[in-house]
Amino acid sequence: MSGAPFLLAQLDAAHDRAAFSSDSEPLNRYLREQVTQDIRRRVAACFVAVADEQRIAGYYTLASTSLRLTDLPASVGKKLPRYPTVPAVRMGRLAVDQTFKGQGLGGALLADALDRAARSEIAAFALMVDAKDKAAAAFYRHHGFMALPDSSLTLFLPLATVQPTDRRL
Ligand SMILES: CC(C)(COP(=O)(O)OP(=O)(O)OC[C@H]1O[C@@H](n2cnc3c(N)ncnc32)[C@H](O)[C@@H]1OP(=O)(O)O)[C@@H](O)C(=O)NCCC(=O)NCCS
């Protein structure tokens, strides 16, 4: 991406969570009030793009999940083994601070999440997301995600299609 470089890191206590301000107040509140508990309980991992002085420019969370084979499009499901579910990685949240919007950071964070999930030694068939609204779903479709046939706000991208990157923002 162009513009100021960001450091990508796992969230830690030095990062300034209080100043983060995206378009979504629930996603701001989650970073301020909830994420550290989720990390401690091992129900989410949080990665941040850091600008100057520990300012968080964007963040996303990842956790394990599963997808029911019968929920996938038939064209995808028929190529998978007949297990009831397939393993997946869930990107529970993704947000970019208003100051840094529209500069490619959201796309870069999504690429980093895909890369991280695809490189993991623990197998996962896809990265899946629950888009918070139609605009968010359009963002994911723009990046190649497919919606589940019966749930247009749940989207996935098979990790076998992901090309490894050098991870630098
Ligand atoms: C959605 C969000 C993460 C996008 O971040 P961003 O840094 O502004 O996006 P980028 O600049 O990286 O955009 C990357 C590409 O996605 C496209 N894009 C951005 N928002 C889009 C949308 N709603 N629909 C379709 N495409 C979209 C851009 O045009 C750009 O396309 P290009 O690479 O072909 O030029 C950000 O707007 C945000 O934090 N929104 C509030 C929270 C939210 O909706 N999160 C979504 C998860 S629920």
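As a reminder, the structure under discussion sits directly above these lines.
What comes next concerns the included structure. (Residues numbered from 1 in each chain as written. Predicted model: local features only at pLDDT ≥ 70, side-chain atom pairs only at ≥ 80, totals over all residues. Heavy atoms only, no water.)

It is worth spelling out unusual backbone geometry at this point. With the exception of glycine, most residues fall at negative phi, and the peptide bonds are largely trans. One non-glycine residue, Arg42, lies in the positive phi region at around 60°. Secondary-structure assignment places Arg42 in the loop between helix 1 (25-40) and strand 2 (45-50). The backbone of Glu53 sits at a positive phi, close to 50°, despite the residue not being glycine. As for its position among the elements, Glu53 is in the loop between strand 2 and strand 3 (56-68). Residue Glu53 is classed as exposed on the basis of its relative accessible area of 79%. (Helix = DSSP H or I, 4+ residues; strand = E, 2+ residues; numbered from the N terminus. Buried < 20%, exposed > 50% of the residue type's maximum accessible area, 1.4 Å probe, protein only.)

This part is about helix 4 (residues 134-142). Structurally, the α-helix is built with 3.6 residues per turn, so residues lying three or four positions apart point the same way. Listing the buried residues of helix 4 in full gives Ala136, Ala137 and Tyr140. Buried residues of helix 4, seen end-on, are gathered within an arc of 100° and therefore sit on one face of the element. Seen from the open side of helix 4, the exposed residues pointing more than 90 degrees away from its buried face are Lys134, Ala135 and His142. On its buried face, helix 4 sits against strand 4 (85-96), helix 3 (105-119), strand 5 (126-130) and strand 7 (151-158). Capping the start of helix 4, Asp133 holds a side-chain oxygen 3.3 Å from the backbone nitrogen of Ala135, two or three residues further along. A positive backbone phi angle near 95° is found at Gly144, which sits one or two residues after helix 4. (Arc of directions from axis to C-beta. Contact = heavy atoms within 4.5 Å. Polar contact = N/O pair within 3.5 Å; in protein donor to acceptor, adjacent residues only side chain to side chain.)

Remember, this is a structural readout, not a statement about activity or role.
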